[in-house]
Amino acid sequence: MAIEVGTKAPDFELKDQHGQTVKLSDFRGDKNVVLLFYPFAFTGVCTGELCALREELPKFVNDDTQLLAVSNDSPFALRVFAEQEGLEYPLLSDFWPHGEASRAYEVFDETKGCAVRGTFIIDKGGVVRWTVVNGLPDARDLDDYLKALDTL
């Protein structure tokens, strides 16, 4: 069971595909965050979801909102994946300690060794305002993210 709406979002510090450190708390007071956990780069459903976000990027990366996508892949794999798919938003590596951020959000599947498809909309105060968790094979609907962002 993922963390619930109204919960203070657990902070994390992860490396992006360029080796830069990204902390969730860096956005507090400044931007709402769409925090998206996905199982693995280079897989069909994950690639489809992340490319759909790429096509709508101005709605998810702007003066008011920041998209952060997290997987359990290494930063090196994420860099190749981002370059291959033209993904210009932060892809964060929850590789080591393996799944630490995914576990904090309660979306880590211990038997598969990866995150399930969990999305959290976090307001500028650092509080989770909306969430959805899907199983590994089930893509999420980005229109739901936009509706949730409109309520902030």
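Cut-off values and rules
- Numbering of residues starts from 1 in each chain and follows the order in which that chain's sequence is written.
- Given that this is a predicted model, residues contribute local features only at a pLDDT of at least 70 and side-chain atom pairs are listed and counted only at 80 or more, while totals for whole chains, interfaces and linings are drawn from all residues.
- Each side-chain value is worked out from all heavy atoms of the structure, with water and hydrogens disregarded.
- UniProt positions are given in the numbering used here, feature names are shortened, and annotations may be inferred rather than shown by experiment.
- Remark: nonpolar core denotes a set of buried residues (Ala, Val, Leu, Ile, Met, Phe, Trp, Tyr, Cys) joined through side-chain atoms within 4.5 Å.
- Categorising residues by exposure relies on relative accessible area from a 1.4 Å probe, with only protein chains included: less than 20% of the type maximum marks a residue as buried, more than 50% marks it as exposed, and the intermediate range marks it as partly exposed.
- Put simply, DSSP H or I for four residues or longer makes a helix, DSSP E for two residues or longer makes a strand, and each gets a number counted from the N terminus.
- Note on contacts: a residue pair qualifies if any of its non-hydrogen atoms lie within 4.5 Å across the two residues.
- Here a salt bridge means any side-chain nitrogen of Lys or Arg lying within 4 Å of a carboxyl oxygen belonging to Asp or Glu.

The name recorded for the protein chain in an unreviewed UniProt entry is Alkyl hydroperoxide reductase E, from Streptomyces gougerotii. Under the UniProt heading Subunit (unreviewed entry), the entry covering the protein chain gives this text: "Homodimer. Forms both dimers and octamers; a tightly-associated dimer and a ring-like octamer." UniProt lists a comment for the protein chain under the heading Sequence similarities (unreviewed entry), and it reads "Belongs to the peroxiredoxin family. AhpE subfamily."

Asker: What exactly am I supposed to notice about the nonpolar core here?
Answerer: Membership of the largest hydrophobic core comes to 23 residues, with the highest contact counts inside it found for Tyr38, Leu50, Leu53, Phe60, Tyr89, Leu91 and Tyr145. Elements supplying a minimum of two residues to this core: β3 (32-37), α1 (44-55), α2 (57-60), β4 (65-71), α3 (75-85) and α5 (142-150). Counting residues per element, this core draws most heavily on α5, which supplies five residues. Excluding its chain neighbours within four sequence positions, the residues that come into contact with Leu91 are Lys15, Asp16, Gln17, Tyr38, Ala69, Leu78, Phe81 and Ala82. Judged by nonpolar contacts, the second largest core, of 22 residues, contains Phe12, Val33, Phe37 and Ile122.

Asker: It is not clear to me how the pattern of salt bridges should be interpreted in this structure. Could you clarify?
Answerer: Side chains that differ in charge, positive against negative, can pair when their charged atoms come close. In total, this model carries eight salt bridges according to the counting rule given. Where Arg140 meets Glu49, a salt bridge forms, and the shortest distance between an N and an O atom there is 2.8 Å. You can see Arg140 sitting in the loop between β9 (128-134) and α5 and its partner Glu49 sitting in helix α1, a full 91 residues away along the chain. The exposure classification of Arg140 matches that of Glu49, with both residues buried. The partner of Glu55 in a salt bridge is Arg54, and the shortest N-O contact between them spans 2.7 Å. Residue Glu55 is classed as exposed on the basis of its relative accessible area of 53%.

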